[in-house]
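Take a look at the letters that make up each chain.
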Amino acid sequence: MKSADQARSILVISGNSTLSDWVRKAVDQAIAVDHAANEAEGLGKLTKSRPDVIILGPLNSTESVLALYRHLREGWISHHASMLIVEISDAANTFRILSDENLNMSIGEHVFAAGSASPILSVEEIVPTLAEAIDRELKARENRFKNSMLDPDKFCLVWEQIPGPGAFEMRQETVLVNARLAARSGRVCAISITDNPGGNPAIATDILCAEILKAGIEPLVHIAMRDKSRNQAESLLFQLAALGIHNVLILTGDYPSNLGFTGKSKPVFDLDSVNGLRLVAEMNRGMEREIMRKPVRLAATNFFAGVAFSPFKQMEAEMMGQFYKMRKKMESGADFAITQVGYDARKLHEFQMWLKMTGCQIPALASIYVLSFPVARTMHENHVPGCVVTNKLLNRIAAESESKDKGKQARLDRAAKMFAIVKGMGYKGAYISGQGLPFESIDYIIAKGNELAGSWMDLLPEFEYPQENGFYFFERDAVNGLNTATPARKTQKPKQPCVYLLSRFVHTLIFEPGSLFFKPMQKLMRFIDKSRFRSKVFHFIERCSKTTLYSCKDCGDCALFDAAYLCPVSQCPKDQRNAPCGGSFQGWCEVYPNKQLCIWVQAYLRLKAQHKEDDIAKYIVPPCNWELWQTSSWINYFLGRDHSAKLRGIRPPASK
């Protein structure tokens, strides 16, 4: 499928040019129609235009049409197109349209037979019937989840499935059974497949998503950057595009667990979610590559890319970090958002209010987790990063679990009430998840939720679960308990440690273009760079000082300027260069709770002292350029080699 900005096209391969005229009339000039008079011309054109539909008409003989059909169905590029065959009987002046549905063919063998389901058509019937057939084929190629998300009158439901480890386990079977049930119901827009949730190894998402697509429902595949280099992420995305899977959720991912082979896996985090989105956007435009020393533009993909957003943060610094990162995600091409798990209605409303305030029309799905007591306890203890269950909610669920059904009915009713509330708030849909959730429960939540939707505001008091000393972006509405349009005061006190003050002073004096010592330092760096010995000595001195002050890992593409002089490589386990991930809890790092504050919480408080905290959202920081690994970042900066230099317009000496 082509990118959204590419027009659809049809290629007619036929010795009879009249067929192309009929096709143009059938589509009423709304779709580009190209004609090829023979097989060779057709094969040449389809590799360049990648048509959505290929229509085969009369060629030299019936056998040549069937052979070409077989060839196209075996071709890597052509087999992605929909195909129709139009048989024309000159003697009787009648026609027949055949599609894959009424063709019986074994690829690789000379077996081909037309089914009886294709009726004989008259001249008067050929154009309207072609129009119906083409429309049917194009609709079958559409991204139904995307269409639903962009339909202003549609409330979407996405059902999350969690595959487990192993190739031949019942858990995978359950995922596919649920997908088939959801497809038959017509109530679910997509099946969402997680990517190693909790950092635990599981079956790859692409194989299951291909099977889900065959089941007749759109898959939404999670892509966690935790385990992937940028090359692997790109390869996976091309693979998904080739499989016809276009809905992706770009995530940073949970930190690896200790369940990997012989222990904890090495985390990758080569791209964060912001740069992952930039990669997707570039692929949708058609990436440029140099192949055999020649620039080549690759065929455009058509991904519909979503992101996660965590509205349930306690601290001002945490919450503002999420908003800053969401701005960057939208700038990078996010098509939709899904909230993290939480049960504070005011926080859910806050995200909708913030989207309206920023003028963003991005559709958002609200997470609804059907919460059992064991899972609630796990989330309360912060063992599922980003998910929030307060003491008040945990106590309520504990009481419900004492009932005969272990709280099953209560948790289903809670999910249905949340369904009604988020629908009333203006969310585009609901993202339902839960351990071992059968389709009957989904059915109940939808039916009960729609029943309660008209009185959703009456349900709000049941979802007042604020965190202790929790920050809200907007002032509270005293009437309904939600939010007014007035931003709240930000009262968290800034902090300026000595290392930050020293770093700012040195930066202003030396590193800022136009500063007193900038040009002399540039000349000095050029001199040092010309000698291998001088470079090694200078690099050693630089590394010693930066290791002492910032725990430098010597990446050579320094991000200290971007994170208020905190090193994302050494001080953030996920190497987040564009604001925080969603895993922090009460300000603490997801990986080191109660031991290390999130570096972006620290950065926010440092910048707030200069009223520059909004600078976190000012520009997108590219991923680290590993070509510069273990080289002098100061030389790289002053000589225009790293991302900070490019951002400030510092050019390499050779380009001047």
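The next thing to look at is the sheet that holds strand β1 (residues 9–13). Taken together, five strands build an open sheet; the order of strands is β2-β1-β3-β4-β5 and the sheet is mixed. Edge positions in the sheet fall to β2 (32–36) and β5 (94–99), since each of these pairs with one other strand and no more. Adjacent strand axes in the sheet meet at a mean angle of 20 degrees when their direction is disregarded. Here β1 pairs with strand β3 (residues 53–56) via four bridges, running parallel. Its bridge partner lying in β3, Leu11 is registered against Ile54.

A few words on the pairing of strand β15 (residues 336–339). Burial along β15 is two-sided: Phe336 and Ile338 facing one way and Ala337 and Thr339 facing the other are all buried. As paired elements, strand β14 (residues 304–309) and β15 share four bridges and run parallel to each other. Along β15, the bridge assignment pairs Phe309 with Thr339. Traced from β14 through helix α10 (residues 316–331) to β15, the parallel crossover comes out right-handed. With two bridges connecting them, β15 and strand β16 (residues 364–369) associate as parallel partners.

Let us now look at the environment of Ala488. Looking at the secondary structure, you find Ala488 in the loop between β19 (483–487) and α16 (498–511). A relative accessible area of 15% means that Ala488 is categorised as buried.

Under the criterion given, the structure shown has 25 aromatic pairs. Taking the centre distance of 4.1 Å and the plane angle of 15 degrees together, the rings of Phe309 and Phe351 count as stacked. In this pair, Phe309 is assigned in strand β14 and Phe351 in helix α11 (residues 345–357), connecting sequence segments 42 residues apart. Classification of Phe309 as buried rests on a relative accessible area of 1%. A ring pair is formed by Phe561 and Tyr565, whose centres lie 6.4 Å apart and whose planes are at 75 degrees; its orientation type is edge-to-face. Among the residues examined, Phe561 registers a relative accessible area of 22% and is labelled partly exposed. Judged by relative accessible area, which is 12%, Tyr565 ranks as buried.

Another point: the packing of α11 against helix α14 (residues 408–425). Interaxial distance between α11 and α14 falls to 10 Å at its minimum, and their mutual angle equals 30 degrees. Classified by the angle their axes make, α11 and α14 are roughly parallel. In the crossing of α11 with α14, the sense of the turn from one axis to the other is right-handed. Counting all contacts with α11, which are made through Ala345, Leu348, His349 and Gln352, the residues of α14 involved are Met418, Val422 and Met425. Across the contact of α11 with α14, the residue classes tally to five nonpolar, two polar and no charged.

Attention now moves to empty space enclosed by the protein. Counting across every chain of the model gives seven cavities of 30 Å³ or more. If you go around the largest cavity, you meet 17 residues; those closest to its centre are Cys572, Cys581, Cys589, Glu590 and Cys598.

The next subject is the confidence of the model for the protein. The predicted model of the protein has a mean per-residue pLDDT of 92, with 95% of residues at 70 or higher. Counting interchain partners and residues more than four positions distant, the pLDDT-below-50 stretch residues 1–5 has 22 contacts. The low-confidence segment residues 105–116 (pLDDT under 50) makes 27 contacts with residues lying over four places distant or belonging to another chain.

The eight strands lie next to each other as β8-β9-β10-β11-β14-β15-β16-β17, forming a closed barrel whose pairing is parallel. Within the sheet, the average angular offset between the axes of one strand and its neighbour, ignoring direction, is 25 degrees. Packed on one face of the sheet, α11 meets β14, β15 and β16 and runs near 175 degrees to β16. Running over the sheet, α14 touches β8 (156–161), β16 and β17 (429–433) and is turned about 165 degrees from β16.

Criteria and thresholds
- Residues numbered from 1 in each chain as written.
- Predicted model: local features only at pLDDT ≥ 70, side-chain atom pairs only at ≥ 80, totals over all residues.
- Heavy atoms only, no water.
- Pairing = 2+ DSSP bridges.
- Helix = DSSP H or I, 4+ residues; strand = E, 2+ residues; numbered from the N terminus.
- Axes fitted to C-alpha atoms, helices over the stretch in contact; angles between N-to-C directions.
- Buried < 20%, exposed > 50% of the residue type's maximum accessible area, 1.4 Å probe, protein only.
- Right-handed = clockwise from strand over helix to strand, strands pointing away.
- Phe/Tyr/Trp six-rings, centres within 6.5 Å; stacked < 30°, edge-to-face > 60°.
- Parallel < 35°, antiparallel > 145°, perpendicular 65-115°, else oblique.
- Left-handed = near helix turned anticlockwise from the far one by under 90°.
- Contact = heavy atoms within 4.5 Å.
- Nonpolar A, V, L, I, M, F, W, Y, C, P; charged D, E, K, R; others polar.
- 1 Å grid on protein atoms, 1.4 Å probe; cavity = no way out; pocket = protein on both sides within 12 Å on 5 of 7 lines; lining within 4 Å.
- Points joined across faces, edges and corners; volume = space filled by probe spheres on them.
- pLDDT = per-residue confidence, 0-100.

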